[in-house]
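Structural features, examined
If you want the building blocks of each chain, they are given just below.
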Amino acid sequence: MAQLNILIDDTLKEKGEELFNSLGLSFSSAVSAFVSQALREGGIPFMLTTRVDPFYSESNMKVLRQSIQEAEEGKFVTKTMDELKAMEE
(Lines give C-alpha, C1' and ligand atoms only; values in the text may rest on other atoms or scores of the structure.)
Protein backbone atom coordinates (compact mmCIF):
# COMPACT_ATOMS: atom_id res chain seq x y z
CA MET A 1 0.00 0.00 0.00
CA ALA A 2 1.22 3.50 -0.86
CA GLN A 3 0.84 6.36 1.58
CA LEU A 4 -0.56 9.62 0.23
CA ASN A 5 -0.26 12.97 1.98
CA ILE A 6 -2.56 15.76 0.83
CA LEU A 7 -3.38 19.24 2.08
CA ILE A 8 -7.08 20.00 2.55
CA ASP A 9 -9.05 22.69 4.36
CA ASP A 10 -9.75 21.65 7.97
CA THR A 11 -13.51 22.21 7.69
CA LEU A 12 -13.70 20.32 4.40
CA LYS A 13 -11.84 17.39 5.98
CA GLU A 14 -14.10 17.34 9.04
CA LYS A 15 -17.30 17.49 7.00
CA GLY A 16 -15.95 14.87 4.60
CA GLU A 17 -15.08 12.55 7.47
CA GLU A 18 -18.58 12.97 8.95
CA LEU A 19 -20.20 12.14 5.62
CA PHE A 20 -17.95 9.21 4.80
CA ASN A 21 -18.27 7.78 8.32
CA SER A 22 -22.06 7.98 8.03
CA LEU A 23 -21.71 5.91 4.84
CA GLY A 24 -19.48 3.36 6.59
CA LEU A 25 -16.32 4.59 4.83
CA SER A 26 -13.07 6.04 6.04
CA PHE A 27 -11.71 9.15 4.36
CA SER A 28 -8.98 6.96 2.87
CA SER A 29 -11.45 4.44 1.42
CA ALA A 30 -13.56 7.28 -0.03
CA VAL A 31 -10.50 8.72 -1.79
CA SER A 32 -9.62 5.24 -3.08
CA ALA A 33 -13.18 4.84 -4.39
CA PHE A 34 -12.91 8.21 -6.15
CA VAL A 35 -9.62 7.26 -7.83
CA SER A 36 -10.99 3.83 -8.83
CA GLN A 37 -14.07 5.42 -10.39
CA ALA A 38 -11.94 8.02 -12.20
CA LEU A 39 -9.83 5.22 -13.68
CA ARG A 40 -12.93 3.28 -14.80
CA GLU A 41 -14.37 6.38 -16.48
CA GLY A 42 -11.06 7.64 -17.83
CA GLY A 43 -11.51 11.04 -16.14
CA ILE A 44 -13.08 12.87 -13.26
CA PRO A 45 -16.27 10.92 -12.42
CA PHE A 46 -18.43 14.03 -12.24
CA MET A 47 -18.75 17.31 -14.12
CA LEU A 48 -16.57 20.14 -12.88
CA THR A 49 -17.93 23.59 -13.49
CA THR A 50 -16.57 27.05 -13.03
CA ARG A 51 -19.98 28.62 -12.71
CA VAL A 52 -20.37 31.06 -9.90
CA ASP A 53 -23.67 31.37 -8.14
CA PRO A 54 -25.20 34.54 -9.67
CA PHE A 55 -26.52 35.44 -6.23
CA TYR A 56 -22.96 36.42 -5.29
CA SER A 57 -22.27 38.52 -8.39
CA GLU A 58 -20.82 41.94 -7.64
CA SER A 59 -23.87 43.73 -9.05
CA ASN A 60 -26.26 41.69 -6.91
CA MET A 61 -24.11 42.12 -3.81
CA LYS A 62 -24.15 45.89 -4.38
CA VAL A 63 -27.96 45.88 -4.52
CA LEU A 64 -28.13 43.69 -1.42
CA ARG A 65 -25.76 45.96 0.54
CA GLN A 66 -27.83 48.99 -0.49
CA SER A 67 -31.06 47.23 0.55
CA ILE A 68 -29.59 46.32 3.93
CA GLN A 69 -28.45 49.89 4.47
CA GLU A 70 -31.89 51.23 3.58
CA ALA A 71 -33.58 48.73 5.88
CA GLU A 72 -31.26 49.72 8.73
CA GLU A 73 -32.23 53.35 8.09
CA GLY A 74 -35.92 52.43 8.32
CA LYS A 75 -36.61 52.96 4.63
CA PHE A 76 -39.18 50.29 3.81
CA VAL A 77 -41.57 49.92 0.91
CA THR A 78 -44.71 47.96 1.58
CA LYS A 79 -47.12 46.66 -1.02
CA THR A 80 -50.27 44.60 -0.79
CA MET A 81 -50.57 41.39 -2.80
CA ASP A 82 -52.98 43.15 -5.14
CA GLU A 83 -50.45 45.93 -5.72
CA LEU A 84 -47.69 43.39 -6.41
CA LYS A 85 -49.91 41.49 -8.86
CA ALA A 86 -50.78 44.73 -10.62
CA MET A 87 -47.07 45.44 -11.07
CA GLU A 88 -46.69 42.16 -12.98
CA GLU A 89 -49.20 43.26 -15.61
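In this report, we go over the structure that sits alongside the text.

Concerning the overall build of the protein chain
Of regular secondary structure, the protein chain possesses four helices and zero strands. Traced from its N-terminal end to its C-terminal end, the protein chain shows the element sequence α-α-α-α. Relative to a compact globule of 89 residues, whose C-alpha radius of gyration would be 12 Å, the protein chain shows 24 Å and is clearly more extended. In terms of overall dimensions, the protein chain has C-alpha extents of about 65 × 30 × 25 Å along its principal axes. By the burial criterion, 3% of the 89 residues in the protein chain qualify as buried. Surface summary for the protein chain: the accessible area is close to 8,500 Å², and the carbon and sulfur share equals 58%. When the 9 basic and 15 acidic side-chain charges of the protein chain are each reduced to a single mean position, those positions are 3 Å apart.

So, the packing of aromatic side chains
Throughout the structure, instances matching the rule amount to three aromatic pairs. Where phenylalanine 20 meets phenylalanine 27, the ring centres are 5.3 Å apart and the plane angle is 70°; that geometry is what we call edge-to-face.

Focus on helix α1 (residues 10–22)
Over its 13 residues, α1 extends 18 Å from the first C-alpha to the last, a length consistent with the 18 Å expected when each residue adds 1.5 Å. For α1, the N-terminal capping position is held by aspartate 9, with its side-chain oxygen 3.0 Å away from the main-chain nitrogen of threonine 11. Glycine 24, located one to two residues past α1, shows a positive phi value of around 80°.

Rules of the game
Residues numbered from 1 in each chain as written. Predicted model: local features only at pLDDT ≥ 70, side-chain atom pairs only at ≥ 80, totals over all residues. Heavy atoms only, no water. Helix = DSSP H or I, 4+ residues; strand = E, 2+ residues; numbered from the N terminus. Rg over C-alpha atoms; globule rule 2.2 N^0.38 Å. Buried < 20%, exposed > 50% of the residue type's maximum accessible area, 1.4 Å probe, protein only. Areas by Shrake-Rupley, 256 points an atom, 1.4 Å probe, with all protein chains shown as cover. Lys, Arg positive; Asp, Glu negative; His and termini not counted. Charge placed at Lys NZ, Arg CZ, Asp CG, Glu CD. Phe/Tyr/Trp six-rings, centres within 6.5 Å; stacked < 30°, edge-to-face > 60°. Expected span 1.5 Å × (residues − 1). Polar contact = N/O pair within 3.5 Å; in protein donor to acceptor, adjacent residues only side chain to side chain.

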